Amino acid sequence: RERSAEATDGAQPWLINPIIADRIRRSLGVLARAVIFTPWSAMLDAAATAELMDAASWLAANPAGRLVLRQFASMEPMPGLADLQRLRCQLALGALGRAGADPARMGEDMAVAAADADADRLVIMTELPATPATA
């Protein structure tokens, strides 16, 4: 068998198809959805609302599930950006609550931004409790 010039021992020789990666995440009970905001805006557009409604539906269909809204912060945030991100998260939590999502099954956390675009993104992580392995 021939190997490409880029192939090295121990390196990942191929990328997983995104559909397969999503299926694996779903089987593990974790799937991330993103709500994208216009820079310096907290408006929930139609796409953001659809993502939130989809997340609320997921929560209703998974009684043991939980939603976590992840905000992103840079090491040196611009003035007002942290307040804007908190407002965005609160608006998203409110929309989820109006869609019937149980506030006791929702939370929020903060992650370090890897890129400037992270500041305009709110990630909705779905979580299911781990199931014990069967023998």
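Residues numbered from 1 in each chain as written. Predicted model: local features only at pLDDT ≥ 70, side-chain atom pairs only at ≥ 80, totals over all residues. Heavy atoms only, no water.

### Notes on helix α2 (residues 46-61)
The test is simple: Secondary structure elements follow DSSP: runs of H or I of four or more residues count as helices, runs of E of two or more count as strands, with numbering from the N terminus. Here a helix's expected span is defined as the number of its residues, less one, multiplied by 1.5 Å. Burial status follows relative accessibility: with a 1.4 Å probe on protein chains alone, a residue under 20% of its type maximum counts as buried, one over 50% as exposed, and anything between as partly exposed. Working definition: the arc comes from the directions between the helix axis and the C-beta atoms, pointing outward to the latter. Here a polar contact is taken to be a pair of N or O atoms separated by no more than 3.5 Å, where protein atoms must pair a possible hydrogen donor with a possible acceptor and residues adjacent in sequence count only if both atoms sit in side chains.
Look at α2: 22 Å from first C-alpha to last across 16 residues, which is about the 22 Å you get at 1.5 Å a residue. Along α2, the residues classified as buried are Ala 48, Leu 52, Ala 55, Ala 56, Trp 58 and Leu 59. Angular distribution of buried residues about the axis of α2 spans 160°; they occupy a single face of the element. The exposed residues of α2 that point more than 90 degrees off its buried face are Ala 46, Ala 47, Ala 60 and Ala 61. Near the N-terminus of α2, the side chain that reaches the backbone nitrogen of Ala 47, with its oxygen 3.2 Å away, is that of Asp 45.

### Considering the layout of surface pockets
This is how it is decided: A cavity, in this analysis, means grid points on a 1 Å lattice covering only the protein atoms where a 1.4 Å probe fits yet has no way out; a pocket is instead an open set bounded by protein on both sides within 12 Å along at least five of seven lines, and a residue lines either one if it has an atom within 4 Å of a point. Grid points are joined across faces, edges and corners, and a volume is the space filled by probe spheres set on the points. Put simply, Ala, Val, Leu, Ile, Met, Phe, Trp, Tyr, Cys and Pro go in the nonpolar bin, Asp, Glu, Lys and Arg in the charged bin, and everything else, Gly too, in the polar bin.
The computed volume of the largest pocket comes to approximately 240 Å³. Elements supplying a minimum of two residues to the lining of the largest pocket: β2 (66-73) and α3 (81-98). Here the element with the most residues in the lining of the largest pocket is α3; it accounts for four residues. The residue inventory of the lining of the largest pocket, partitioned by class, reads twelve nonpolar, two polar and four charged.

### Notes on the pattern of salt bridges
It is possible for side chains bearing opposite charge to pair when their charged atoms get close. Applied cut-off: By definition here, a salt bridge exists when the distance from a side-chain nitrogen of Lys or Arg to a carboxyl oxygen of Asp or Glu is within 4 Å.
Using the criterion set out here, one finds five salt bridges in the structure. A salt bridge links Arg 33 to Asp 54, with the nearest nitrogen and oxygen atoms 3.1 Å apart. Here Asp 54 lies in helix α2 and Arg 33 lies in strand β1 (residues 31-36), a separation of 21 residues in the sequence. A residue is classified by how much of its surface remains accessible, and Arg 33, at 11% relative accessible area, is buried. With a shortest N-O distance of 2.3 Å, Arg 86 and Asp 83 are connected by a salt bridge. Taken together, the positions of Arg 86 and Asp 83, both in helix α3 and three residues apart, correspond to about one turn of that helix.

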